[in-house]
Amino acid sequence: EQMRRAYLDSLPEPQELHIELYVEAGQTWIADGIGYAVQCDNKLVEFFVLPGRVTQAEIFFTAVVEHAQIKEVLCKSFDHHMLFAACSTPVTVKPLGLLFRRIDNPGFVPRPDVDIRQGSPADAESIFAFNDDFFQSPDEIRTYAANNGLYVLEKDQRVIGCGVSRRVISGRPDIDIGMLVAEHHRNNGYGTHIISFLKDHYLRRGLRPICGCSVDNIASQQTLRRAGFVSEHRIVNIIL
């Protein structure tokens, strides 16, 4: 835990929820006095060496890869030590996602044609009706609601979209946010409106909203940019 706190504090940007979920499900390898690594299946998802042990990063990385039979590395582009160690030999690098950490426009302007309210477990079924593979099940929606992380977008008293939020790591201020809009209500700015609302909601509470999306999801990228977010970093898949 002490080394992990040091790792998170060393990152110039907050941890990505997508990778954090892999870490939670993963297995940890520890080299006493040197560092630690986390694997999930055949992927390395976290790697850290203590500041005084940086010269041993490549040796530790190679040992973990060989012992744990690692085939791929999921790396945030701002995770410089992991990126350095993983690219010490010829590899194939593929971009997977865009990480939006900087907020260029913190503003939010309410719309008179829609309302946003706190969601409840009772909203799960109506939201899942237009799920589009965003949620795995209605129970996932209920979990967001139970943790005060569900917000419902209504138009003419009908649910047409939702926003979700989740603290990435307990005790840290970073809140991952996302949104879903029913297919026949898309391209009307509702997704941008939800993200802008969540951004404003958490900034006012002294928290840090962050988000990300696949490199292939152009619509989500445009939505996040219109909501005031800027991407300067990526998740990359390094194939060893």
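Quick caveat, the model's predicted, so the values are computed rather than measured.

Asks: Help me understand the overall build of the protein, please; the structure alone is not making it clear to me.
Replies: The helix and strand inventory of the protein stands at eight helices and 11 strands. For 240 residues, the compact-globule formula gives about 18 Å, and the C-alpha radius of gyration of the protein, at 19 Å, lands near that figure. Seen through its principal axes, the protein has C-alpha atoms that stretch 60 × 35 × 35 Å. Relative to its 240 residues, the protein shows a buried fraction of 48%. Residue pairs at least 24 apart in sequence account for 67% of intrachain contacts in the protein once pairs closer than 6 positions are excluded. Of the roughly 12,400 Å² that the protein leaves accessible, carbon and sulfur atoms contribute 48%. Within the protein, one finds 25 positive and 30 negative side-chain charges whose respective centroids are separated by 4 Å.

Asks: Before we go on, may I ask you to explain the nonpolar core in this structure?
Replies: With 22 residues, the main nonpolar core has Phe 100, Ile 177, Ile 195, Leu 198, Tyr 202, Leu 224 and Phe 229 as its most contacted residues. Looking at this core, the elements that each hand over two or more residues are β5 (92–103), β7 (150–155), β9 (174–181), α7 (190–203) and β10 (208–214). Beyond its immediate sequence surroundings of up to four residues, Leu 198 is in contact with Tyr 151, Gly 163, Val 164, Ile 177 and Gly 178. Formed by 20 residues, the second largest nonpolar core is a distinct cluster that contains Ala 31, Val 64, Val 73 and Val 236.

Asks: Please explain the packing of α7 against helix α8 (residues 218–226) as it appears in this structure.
Replies: A packed helix pair is summarised by two numbers, namely the angle formed by the two axes and the spacing between the axes. Here α7 crosses α8 at 50°, and the two axes come no closer than 8 Å. The pairing of α7 with α8 is recorded here as oblique in orientation. Regarding α7 and α8, the two cross each other, and that crossing is right-handed. On α8, the residues that touch Gly 191, Thr 192 and Ile 195 of α7 are Thr 223, Leu 224 and Arg 226. Split by residue class, the contact of α7 with α8 holds two nonpolar, three polar and one charged.

Asks: For this particular structure, what's the right way to read unusual backbone geometry?
Replies: Note: most residues except glycine have negative phi, and most peptide bonds are trans. Backbone geometry places Asp 41, a non-glycine residue, at a positive phi of 60°. Mapping Asp 41 onto the fold places it in the loop between β2 (35–40) and β3 (43–49). For Asp 132, which is not glycine, the phi torsion reads 60° and is therefore positive. When you line up the elements, Asp 132 lands in the loop between α5 (124–128) and α6 (138–146). On the basis of relative accessible area, Asp 132 is assigned to the exposed category, the value being 53%.

Asks: Looking at this structure, I do not really get the pattern of salt bridges. What am I missing?
Replies: Close approach of charged atoms lets side chains of opposite charge pair. A complete count under the given rule lists 16 salt bridges for this structure. Note that Arg 172 and Asp 9 form a salt bridge whose closest N and O atoms lie 3.0 Å from each other. With a gap of 163 residues between them, Arg 172 in the loop between β8 (158–167) and β9 and Asp 9 in helix α1 (residues 2–10) connect regions that are remote in the sequence. On the accessibility criterion, Arg 172 (22% relative accessible area) is partly exposed. Classification of Asp 9 as exposed rests on a relative accessible area of 57%. For Arg 111, the salt bridge is made with Asp 113, and the minimal N-O distance between the two is 2.9 Å. Judged by its relative accessible area of 25%, Arg 111 falls in the partly exposed class. Since its relative accessible area comes to 28%, Asp 113 is described here as partly exposed. Members of the salt-bridge network, linked through shared partners, are Arg 4, Glu 20 and Glu 46.

Asks: I keep staring at the packing of aromatic side chains and nothing clicks. Help me out?
Replies: The geometry of an aromatic ring pair comes down to the distance between the two centres and the angle between the two planes. Taken as a whole and assessed by the stated rule, the structure comprises nine aromatic pairs. Residues Tyr 7 and Phe 48 carry aromatic rings whose centres are separated by 5.8 Å and whose planes lie at 65° to one another, so their mutual orientation is edge-to-face. One end of the pair, Tyr 7, is in helix α1; the other, Phe 48, is in strand β3, with 41 residues separating them in the sequence. Pair check on accessibility: Tyr 7 and Phe 48 agree, each one buried. Aromatic pair Phe 47 and Phe 61: ring centres 5.5 Å apart, planes at 85°, arrangement edge-to-face. Of the two residues, Phe 47 sits in strand β3 while Phe 61 sits in helix α3 (residues 57–68), which places them 14 residues apart along the sequence. Ring pairing ties together the aromatic residues Tyr 7, Tyr 36 and Phe 48, which thus form one cluster.

Parameters and conventions
- Residues numbered from 1 in each chain as written.
- Predicted model: local features only at pLDDT ≥ 70, side-chain atom pairs only at ≥ 80, totals over all residues.
- Heavy atoms only, no water.
- Helix = DSSP H or I, 4+ residues; strand = E, 2+ residues; numbered from the N terminus.
- Rg over C-alpha atoms; globule rule 2.2 N^0.38 Å.
- Buried < 20%, exposed > 50% of the residue type's maximum accessible area, 1.4 Å probe, protein only.
- Contact = heavy atoms within 4.5 Å.
- Areas by Shrake-Rupley, 256 points an atom, 1.4 Å probe, with all protein chains shown as cover.
- Lys, Arg positive; Asp, Glu negative; His and termini not counted.
- Charge placed at Lys NZ, Arg CZ, Asp CG, Glu CD.
- Core = buried A, V, L, I, M, F, W, Y, C linked by side-chain atoms within 4.5 Å.
- Axes fitted to C-alpha atoms, helices over the stretch in contact; angles between N-to-C directions.
- Parallel < 35°, antiparallel > 145°, perpendicular 65-115°, else oblique.
- Left-handed = near helix turned anticlockwise from the far one by under 90°.
- Nonpolar A, V, L, I, M, F, W, Y, C, P; charged D, E, K, R; others polar.
- Salt bridge = Lys/Arg side-chain N within 4 Å of Asp/Glu carboxyl O.
- Phe/Tyr/Trp six-rings, centres within 6.5 Å; stacked < 30°, edge-to-face > 60°.

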